[in-house]
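Topology and contacts: notes
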Amino acid sequence: LGLLSMAALALGLAGLYTPAALWALLLAAAALGWPGLRGWLAAARALARSRWPAGAWPRFLAAFTLAALALALLHALAPPVAWDALMYHLDGPRSYLAAGRIVARPDNPYLGFPQSVETLYGLGMALFGRDTAAAPLHFGLGLLALISLGGLARRHGGEAAGWLAPALIVSAYSSWLLFGWPYVDLGVLLYSAAALTAFANWRAARDDRWLILAGASAGLSLGVKYTAGVLLLALAAGAAWTAPRRAVRSGLLLGLPALILFLPWLARGLLLYYNPVYPFFFDGLSWDAARADLFFGGAGLAGRGEGWQVLILPAAAAIFGVEKAAGFAFTAGPWLLTLPLLVPLGWRWLDAPARALAAACWALLAPLLLIWAALAAFTLLGAQTRLMMPALAVSAAAGALALEGLARWPQKPFSLYPVLRGIVAFTLVLALAEMVYVTVRERPAAYLTAAADRAAYLDGRLGVYAGAMRRLAELPAGTRVRFLWEPQGYYCPAHLACAPDSLLDAWPHPVRAGRSPDDVFAGWQAAGDDYVLVFDVGRRFLTEVETRAAPENRQFDAAAARWLEPVWQ
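For the structure given in this document, a descriptive report is provided here. Bear in mind the structure is a predicted one, so any value in this text is a computation, not a measurement.

What about the pattern of salt bridges?
A full pass over the atoms with the stated rule returns 29 salt bridges. Among the salt bridges present, the one from R512 reaches E552, with a minimum N-O distance of 3.4 Å. Of this pair, R512 sits in helix α25 (residues 508-512) while E552 is found in helix α28 (residues 550-553), placing the two residues 40 residues apart along the sequence. Classification of R512 as partly exposed rests on a relative accessible area of 33%. According to the relative accessible area criterion, E552 is buried, its value standing at 11%. Several salt bridges share partner residues, and in doing so they unite D84, D185, K225 and R386 into one network.

Topic: the nonpolar core
Membership of the largest hydrophobic core comes to 177 residues, with the highest contact counts inside it found for L22, W176, F179, L235 and W372. Among the elements that line this core, the one with the most residues is helix α19 (residues 352-378), at 14 residues. Among all residues touching W176, those that are not within four sequence positions of it are A68, L71, A72, H75, V170, M435, V438 and T439. By size, the runner-up hydrophobic cluster in this structure holds 12 residues, among which are L484, W485, W524 and A560.

Comments concerning the state of the cysteines
Taken as a whole and judged by the stated rule, the model has 1 disulfide. Residue C492 pairs covalently with C498 via a disulfide, S to S 1.9 Å. Here the S-S torsion is close to 70°, and the disulfide linking C492 with C498 is therefore right-handed. An identical accessibility class is assigned to C492 and C498; each is buried.

A few points about helix α26 (residues 517-526)
Taken residue by residue, α26 has P517, V520, F521 and W524 as its buried positions. Along the axis of α26, the buried residues cluster in a sector spanning 95°; they form a single face. For α26, the elements touching its buried residues are β1 (480-484), α25 and α29 (556-563). With its phi angle positive at about 105°, G528 sits one or two positions after the end of α26.

A word on the packing of aromatic side chains
What the rule picks out here adds up to 27 aromatic pairs. Ring centres 5.4 Å apart and planes at 50° place the aromatic pair W507 and F521 in the tilted group. With W507 in the loop between β2 (497-499) and α25 and F521 in helix α26, this residue pair connects regions lying 14 residues apart in the sequence. A single burial state applies to W507 and to F521, both of which are buried. Here W507 and F556 contribute two aromatic rings whose centre-to-centre distance is 5.2 Å and whose plane-to-plane angle is 85°, an arrangement assigned as edge-to-face. Residue W507 is found in the loop between β2 and α25, and its partner F556 is found in helix α29; the two are separated by 49 residues along the sequence. On the basis of relative accessible area, W507 is assigned to the buried category, the value being 0%.

What counts and what doesn't
- As a convention, each chain's residues are numbered from 1 in the sequence order in which they are written.
- Totals for whole chains, interfaces and linings use all residues, but because this is a predicted model, local features are given only for residues with pLDDT of at least 70 and pairs of side-chain atoms are given and counted only at 80 or more.
- Values reported for side chains reflect all heavy atoms of the structure, with hydrogen atoms and water molecules removed beforehand.
- By definition here, a salt bridge exists when the distance from a side-chain nitrogen of Lys or Arg to a carboxyl oxygen of Asp or Glu is within 4 Å.
- Only DSSP runs of H or I reaching four residues or more are called helices, and only runs of E reaching two or more are called strands; each is numbered from the N terminus.
- The buried label applies to any residue whose accessible area, calculated with a 1.4 Å probe on protein chains only, is under 20% of its type's maximum; exposed applies above 50%, and partly exposed to all values in between.
- Here, nonpolar core refers to any group of buried Ala, Val, Leu, Ile, Met, Phe, Trp, Tyr and Cys residues whose side-chain atoms link them within 4.5 Å.
- Pairs of residues are marked as contacts when any of their non-hydrogen atoms sit within 4.5 Å.
- Here, the term disulfide refers to a pair of cysteine sulfur atoms separated by no more than 2.5 Å.
- As used here, the arc is the angular range of directions from the helix axis to the C-beta atoms.
- What counts as a ring pair is set by centres within 6.5 Å for rings of Phe, Tyr and Trp (its six-membered ring), and what kind of pair is set by the plane angle: stacked under 30 degrees, edge-to-face over 60, tilted for all other angles.

All we've got here are geometric facts, nothing functional implied.
Written as structure tokens, this is what we have:
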């Protein structure tokens with residue numbers, strides 16, 4: 001998948017990001033990979049004949065996991081509505097396909113990030129002519145990650161552990177949501193699971209080829225998201241802890257393959273955005289210190305008087321993390337981040353293979369948590385749980401082994417395991433009930449069964465935004481519309497030229513740079529803008545609640561009264 005994305009990137013940079021060229025690429029990849037594909041088909045036939053897991057507990061975990069995935073798949077097959085997807089994960093591939101090549105987008109700096117998964121989205125959208133091809137691809141990446149984590153846990157800890165590891169991932173409400181969205185985080189989860197497997201095998205066999213594979217997996221994850229670089233740092237720290245005298249050699253074996261596989265994305269950044277690691281360190285296209293301050297600024301836990309949470313970070317993220325809220329911004333559930341903390345309680349009763357994997361997990365999890373704590377303490381962005389996806393992969397495997405160790409406790413005088421297993425089962429039932437509720441409320445099944453068409457589904461999910469895009473569709477072809485305080489440009493009608501406010505700073509950035517409000521409007525008019533679409537709720541939020549750009553935003557109303565003629569509201 002990573003190499004396929006790089007090949008599509010090469011085609012795109014050469015001006016061949018077209019359905020015909022991408023079909024040829026896919027057919028060539030299928031021909032080269034046919035032996036592996038044939039093996040997968042044989043394995044699928046064997047799986048179809050395999051038995052249901054033995055024992056009530058593994059069966060319960062399997063039923064929960066498969067039910068959660070089935071519900072997520074309904075969302076994945078529906079039209080895309082998730083925020084970041086409409087802001088850049090799909091907006092980039094759509095614009096590349098329209099241009100027939102991968103180009104720079106100065107209006108959307110997010111598209112300067114590495115785009116391994118987004119490039120695959122463009123491939124899927126080109127092949128099938130549908131944007132609904134993207135989220136199922138993300139779902140597939142997540143499914144491969146679950147298979148990898150489940151297989152690893154099963155080989156070392158038994159069948160129950162093998163089903164608990166993927167169950168822990170999907171039991172976290174926010175990660176379950178990702179299985180239904182065309183985001184990129186499950187690509188990081190997949191490469192992190194592969195890296196963990198390779199790292200555990202290296203610790204067991206001390207065969208350096210496994211270390212090279214771990215580094216390659218980390219390099220592929222960097223092509224998905226910069227923040228996946230924490231995986232490479234954790235692998236280097238874990239290898240140094242395991243074999244201190246070979247720390248330099250291990251670092252090279254990890255770092256060189258990672259660098260080689262990250263090079264295409266460094267080259268893309270340099271060619272299109274004038275910065276190989278755009279937007280970090282060197283600024284670049286449409287980027288400067290003021291934008292960097294707005295993007296990365298905001299106090300972390302220490303600056304908000306919540307620094308004590310850093311000391312209990314996994315528990316704090318589980319307790320205080322809520323999807324779309326400030327801080328951790330991720331509902332992780334009660335177990336994904338906390339069960340690994342129970343590994344010491346059951347360590348004595350784990351057998352040698354389970355101990356080996358548990359030790360490998362903690363060799364990575366310890367540095368990951370330390371890095372996360374440092375980022376969370378000082379930056380608002382660094383606290384987000386979703387950006388620490390490698391830690392979630394490792395945590396799922398470690399948590400499955402922790403419960404397995406408690407299961408082997410002596411039964412007398414008291415066994416903690418039946419009580420803990422009952423609590424885990426109860427919370428999984430509650431999690432599934434919420435998934436069912438959300439699926440009924442958001443009605444993807446109505447779209448999939450044609451009880452509601454695409455427009456009705458988007459109205460129900462996107463509300464006023466969908467109505468605004470329909471109103472824009474009435475404008476003549478070639479009309480230029482500038483969005484203010486509205487970063488989502490994906491559903492802009494194709495016959496218009498829209499400029500989304502990707503960083504929510506299209507107004508405050510030039511004002512902060514010293515231009516007068518009248519000069520800003522005059523500049524837009526001179527550039528050919530015909531209309532301005534103002535998301536006033538967003539403007540008020542960024543003036544009254546999130547106030548870093550409030551002084552500049554307060555100057556908008558008076559200037560708008562001089563320059564804008566309202567035509568629709």
